[in-house]
Amino acid sequence: LVVAEEFSEATFVETFVRADETKYLTDAVAEFSLADEAKIKHYRVQRESHAAFHVGTSGAEAGRGAVYDATSINLGARLSRHDIEFRFNAEGGEAFIDGLYMIAEDQHADTHSVIDQRLPNCRSHQNYKGIVDGQARAVFNGKIFVRENASGTDGFQSNKNLLLSNDARVDTKPQLEIFNDDVKCAHGATVGQLEEEELFYLLSRGISENLARNLLTYGFAEEIVNKITIPSIKRQLDQAILSRLN
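Just so we're clear, the structure is a prediction, and the values are computed from it rather than from any experiment.

**Here's the deal with helix α2 (residues 209-225)**
Here comes step 1: Along its 17 residues, α2 runs 24 Å from first to last C-alpha, staying within 8% of the 24 Å computed at 1.5 Å per residue.
Here comes step 2: All buried positions along α2 are accounted for by Ala212, Asn214, Leu216, Thr217, Phe220, Ala221, Glu222, Ile224 and Val225.
Here comes step 3: For α2, the elements touching its buried residues are β6 (67-74), β8 (94-103), β10 (123-132), β12 (153-163), α1 (196-204) and α3 (231-244).

This is the structure:
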């Protein structure tokens, strides 16, 4: 439990790593309470054993003018689920809730989020990306509630997925539930493979097909990884992603 008092600023890092490839269960909860004008960055990196099970919950609430900026990276575990719950407790709050899941073989990754916009003039931005290979399956279910009193709400939600094999599967369901007509909201989802034109462009420059595919995949993921401003963590993630891409 993290309690951020007025005008405080802090960065928190949750890291889940494996000692070896064994079976085990991780069940983790992190909660953040932001007072007025507090600013919190929350990085969450999950790199569990590919035989493990991971269940995690991130909950946060924000006061007037508070900013909660979260980035979640999900690479490990045989079966993983991450639940995200966020609510605004006063006007003028802001939330960035972004993430990346990159899974392969027989991995399964679930992401479920609820953003509760209960009060006027609050802003939320959610950008999740997925890279799915092998016979892996990913599920994304994101919901933004805009309550009756929440005029001036600005809510954005996006889920983009890249399939690297014919057997990979993604089920995505971004949702908006709006009870006020003075809002600016948008949501969308895409599921597809690498663009043939982009691949052809790299091949025409003498780059091998395998390297070209890896470059495009890495570029797709890098938008989320670049949000992490701690050099040592970002370097580890870059190495982990490049290793997964061979």
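**Observations regarding the sheet that holds β10**
Here comes step 1: Read across the sheet, seven strands follow the order β2-β4-β6-β8-β10-β12-β14 without closing on themselves; strand pairing throughout is parallel. Single-partner strands in this sheet number two, and they are β2 (9-17) and β14 (183-192). Recorded for the sheet is a direction-independent mean angle of 5 degrees between the axes of neighbouring strands.
Here comes step 2: Judged from the nine bridges that link them, β2 and strand β4 (residues 39-47) form a sheet pairing that is parallel. In the strand pairing of β4, Val13 is matched with Tyr43.
Here comes step 3: Sheet contacts for α2: β6, β8, β10 and β12; angle to β10, the most-contacted strand, approximately 150 degrees.

**Looking at the packing of α2 against α3**
Here comes step 1: It is the contact of α2 with α3, at a shortest axis distance of 11 Å, that shows an interaxial angle of 160 degrees. The angle between α2 and α3 falls in the class roughly antiparallel. With respect to the hand of their crossing, α2 and α3 are arranged in right-handed fashion. Here Tyr218, Ala221, Glu222 and Val225 of α2 lie close against α3, whose contacting residues are Lys234, Leu237, Asp238, Ile241 and Leu242.
Here comes step 2: Residues of the contact of α2 with α3, tallied by class, amount to six nonpolar, no polar and three charged.

**Description of the sheet that holds strand β1 (residues 2-4)**
Here comes step 1: Across the sheet, seven strands lie side by side as β1-β3-β5-β7-β9-β11-β13; this open sheet has parallel pairing. This sheet does not close on itself; its edge strands, each paired only once, are β1 and β13 (169-178). Each neighbouring strand pair of the sheet contributes to a mean axis angle of 5 degrees, computed without reference to strand direction.
Here comes step 2: Relative to strand β7 (residues 79-88), strand β5 (residues 53-62) is paired through 10 bridges, and the arrangement is parallel. Paired with Ala60 across the bridge in β7 is Phe86.

Thresholds applied
Residues numbered from 1 in each chain as written. Predicted model: local features only at pLDDT ≥ 70, side-chain atom pairs only at ≥ 80, totals over all residues. Heavy atoms only, no water. Helix = DSSP H or I, 4+ residues; strand = E, 2+ residues; numbered from the N terminus. Expected span 1.5 Å × (residues − 1). Buried < 20%, exposed > 50% of the residue type's maximum accessible area, 1.4 Å probe, protein only. Contact = heavy atoms within 4.5 Å. Pairing = 2+ DSSP bridges. Axes fitted to C-alpha atoms, helices over the stretch in contact; angles between N-to-C directions. Parallel < 35°, antiparallel > 145°, perpendicular 65-115°, else oblique. Left-handed = near helix turned anticlockwise from the far one by under 90°. Nonpolar A, V, L, I, M, F, W, Y, C, P; charged D, E, K, R; others polar.

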